[in-house]
Amino acid sequence: TATTLPEGVREGNENLVRLTPDAGAKVDALRAREGQGDLLRIAITGGGGNGLSYKIKFVPEPRRGDILVRSAGAAVVVDPKTALYL
């Protein structure tokens, strides 16, 4: 089924992010428990001396420029900068 994405958000595929069925189930359980939003945001920050930091959190909606990937029943959003590293 085709869904309309918010302006500035594009659909990605599992070449960017792929969850195993077990990971998808865990994401679904955590999403329900935390109640912060239905989208799992993956972000990479930093660099320099400490290397890269990986951050994940649930968000209610994507941001302009995000890439949305549906994998194992979960909706994952990634910003373009993070996508370069995944």
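Residues numbered from 1 in each chain as written. Predicted model: local features only at pLDDT ≥ 70, side-chain atom pairs only at ≥ 80, totals over all residues. Heavy atoms only, no water.

Here the focus is the overall build of the protein. Each helix and strand counted, the protein has two helices and five strands in total. Helices (α) and strands (β) of the protein occur, in sequence order from the N terminus, as β-α-β-β-β-β-α. Whereas a compact globule of 86 residues would reach a radius of gyration of roughly 12 Å, the protein reaches 13 Å, a difference of no more than 12%. Per-residue burial for the protein yields a buried fraction of 33% across its 86 residues. Separation between the mean location of the 12 positive side-chain charges and that of the 10 negative ones in the protein comes to 5 Å. (Helix = DSSP H or I, 4+ residues; strand = E, 2+ residues; numbered from the N terminus. Rg over C-alpha atoms; globule rule 2.2 N^0.38 Å. Buried < 20%, exposed > 50% of the residue type's maximum accessible area, 1.4 Å probe, protein only. Lys, Arg positive; Asp, Glu negative; His and termini not counted. Charge placed at Lys NZ, Arg CZ, Asp CG, Glu CD.)

Quick look at the pattern of salt bridges now. Per the counting criterion, the structure on display carries six salt bridges. Salt-bridge contacts for Asp 66 lead to Arg 41; the nearest nitrogen and oxygen are separated by 2.5 Å. You can see Asp 66 sitting in the loop between strand 3 (52-59) and strand 4 (67-71) and its partner Arg 41 sitting in strand 2 (residues 39-46), a full 25 residues away along the chain. Here Asp 66 matches Arg 41 in class, with each residue buried. (Salt bridge = Lys/Arg side-chain N within 4 Å of Asp/Glu carboxyl O.)

Looking now at the nonpolar core. Among soluble globular proteins, nonpolar side chains are generally buried collectively. Membership of the largest hydrophobic core comes to 13 residues, with the highest contact counts inside it found for Leu 16, Val 17, Leu 19, Val 27, Val 76 and Val 78. Elements with a contribution of two residues or more to this core: strand 2, strand 4 and strand 5 (74-78). By residue number, the principal contributor to this core is strand 5, which donates three residues. With residues up to four places along the chain from it excluded, the contact list for Leu 16 reads Ile 67, Val 69, Val 78, Ala 83 and Leu 86. Ranked by size, the runner-up nonpolar core spans six residues in total, among them Val 9, Leu 39, Val 59 and Ala 75. (Core = buried A, V, L, I, M, F, W, Y, C linked by side-chain atoms within 4.5 Å. Contact = heavy atoms within 4.5 Å.)

In this structure Arg 41 comes out as buried when scored by relative accessible area, which is 3%. Engagement of the side chain of Arg 41 in a polar contact is seen with the side chain of Asp 66, the distance being 2.5 Å. (Polar contact = N/O pair within 3.5 Å; in protein donor to acceptor, adjacent residues only side chain to side chain.)

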